Amino acid sequence: MLEALRGARRALESGEVPVGAVIVHDGSIVGRGFNRNLSDSDPTAHAEVMALRDAGRTLGNHRLVACQLFVTIEPCAMCAGALVHARIARLVYGADDEKGGAVRSAIQVLNHPALNHRVEVRGGVLAGSCSEILQEFFRSRR
């Protein structure tokens, strides 16, 4: 999660909403991402999607079956769906997202009973640090 927080700092320095993500396979980081929506003029350039793309290239496969995703905030509906399509084995996230979280907060896209893939989930890891960087960003905008 500390590596994901480093990615969130990079996003913050770029003027993006500070969210960072890393993907781990066999104990090594194989994918990194941070929010790049504004920089790339791309509504899909969330940290999780960027990390999935990087891991897919690194591993040479769109299926990331034995991988874990670490992200600083609870994934949104788009990212939760992407985790299912990528067949991520485990999700570890920091802060809950009461307004847009699609794991357990606002809606439950991840692990919906109709889907064909289940992801092990652990939330709240370094939640204070993950929330703090987001709060810092939004305070500076007000």
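Residues numbered from 1 in each chain as written. Predicted model: local features only at pLDDT ≥ 70, side-chain atom pairs only at ≥ 80, totals over all residues. Heavy atoms only, no water.

1. Examining the packing of aromatic side chains
No. 1: Going through the model one piece at a time under the given rule, you end up with one aromatic pair.
No. 2: Taken together, a centroid distance of 4.9 Å and an interplanar angle of 80° make the contact between Phe 137 and Phe 138 edge-to-face. (Phe/Tyr/Trp six-rings, centres within 6.5 Å; stacked < 30°, edge-to-face > 60°.)

2. Brief notes about helix 5 (residues 127-141)
Think of an α-helix as turning once every 3.6 residues; residues three or four places apart then point the same way.
No. 1: Spanning 15 residues, helix 5 covers 22 Å between terminal C-alpha atoms, matching the ideal 21 Å at 1.5 Å per step.
No. 2: Along helix 5, the positions that sit buried rather than exposed are Cys 130, Ile 133, Leu 134 and Phe 137. The buried residues of helix 5 occupy one face: seen down the axis, they fall within an arc of 95°. More than 90 degrees from the buried face of helix 5, the exposed residues found are Gly 128 and Arg 139. (Helix = DSSP H or I, 4+ residues; strand = E, 2+ residues; numbered from the N terminus. Expected span 1.5 Å × (residues − 1). Buried < 20%, exposed > 50% of the residue type's maximum accessible area, 1.4 Å probe, protein only. Arc of directions from axis to C-beta.)

3. Details of the sheet that holds strand 1 (residues 20-25)
No. 1: Pairing is mixed in the open sheet, where five strands are placed in the order 2-1-3-4-5. Looking along the sheet, the strands with just one partner apiece sit at the ends: strand 2 (28-34) and strand 5 (120-122). Each strand of the sheet is rotated relative to its neighbour by a mean of 15°, with strand direction disregarded.
No. 2: Strand contacts of helix 3 (residues 47-59): strand 1, strand 2 and strand 3 (67-73), with the helix running at about 140° to strand 2, the strand carrying the most contacts. (Pairing = 2+ DSSP bridges. Axes fitted to C-alpha atoms, helices over the stretch in contact; angles between N-to-C directions. Contact = heavy atoms within 4.5 Å.)

4. Quick look at the pairing of strand 2
No. 1: Relative to strand 2, strand 1 is paired through six bridges, and the arrangement is antiparallel. What sits directly across from Gly 20, in strand 2, is Phe 34.
No. 2: In this antiparallel pair of consecutive strands, strand 1 and strand 2, the connection spans two residues, and Asp 26 shows a positive phi of 50°.

5. Considering the nonpolar core
No. 1: With 25 residues, the main nonpolar core has Ile 23, Leu 64, Leu 69, Ile 88, Leu 91 and Leu 110 as its most contacted residues.
No. 2: Those elements that provide at least two residues to this core are strand 1, helix 3, strand 3, helix 4 (77-86) and strand 4 (90-95).
No. 3: Sequence-distant contacts of Leu 110, defined by excluding residues within four places in its chain, comprise Ala 80, Leu 83, Val 84, Leu 91, Ala 102, Val 103, Val 119 and Val 121. (Core = buried A, V, L, I, M, F, W, Y, C linked by side-chain atoms within 4.5 Å.)

6. Considerations on the pattern of salt bridges
No. 1: Counted according to the given criterion, the structure contains eight salt bridges.
No. 2: Note that Arg 32 is salt-bridged to Glu 3, the shortest N-O span being 2.8 Å. Taken together, the positions of Arg 32 in strand 2 and Glu 3 in helix 1 (residues 2-13) put the pair 29 residues apart, joining distant regions of the chain.
No. 3: Look at Arg 32 and you get partly exposed, because its relative accessible area is 44%.
No. 4: Between Glu 136 and Arg 9 there is a salt bridge whose closest N-O contact spans 3.5 Å. With Glu 136 in helix 5 and Arg 9 in helix 1, this residue pair connects regions lying 127 residues apart in the sequence.
No. 5: According to the relative accessible area criterion, Glu 136 is partly exposed, its value standing at 32%. (Salt bridge = Lys/Arg side-chain N within 4 Å of Asp/Glu carboxyl O.)

7. So, the pairing of strand 4
No. 1: Counted residue by residue, strand 4 has five buried out of six residues, so it is predominantly covered.
No. 2: Of the pairings in the sheet, the one linking strand 3 to strand 4 comprises five bridges and is parallel in character. By the bridge assignment for strand 4, Gln 68 is matched with Arg 90.
No. 3: With respect to chirality, the unit in which strand 3 leads through helix 4 into the neighbouring parallel strand 4 is right-handed.
No. 4: In this structure, strand 4 lies alongside strand 5, joined through three bridges in parallel fashion. Looking at strand 5, one finds that Arg 90 is bridged to Glu 120. (Right-handed = clockwise from strand over helix to strand, strands pointing away.)

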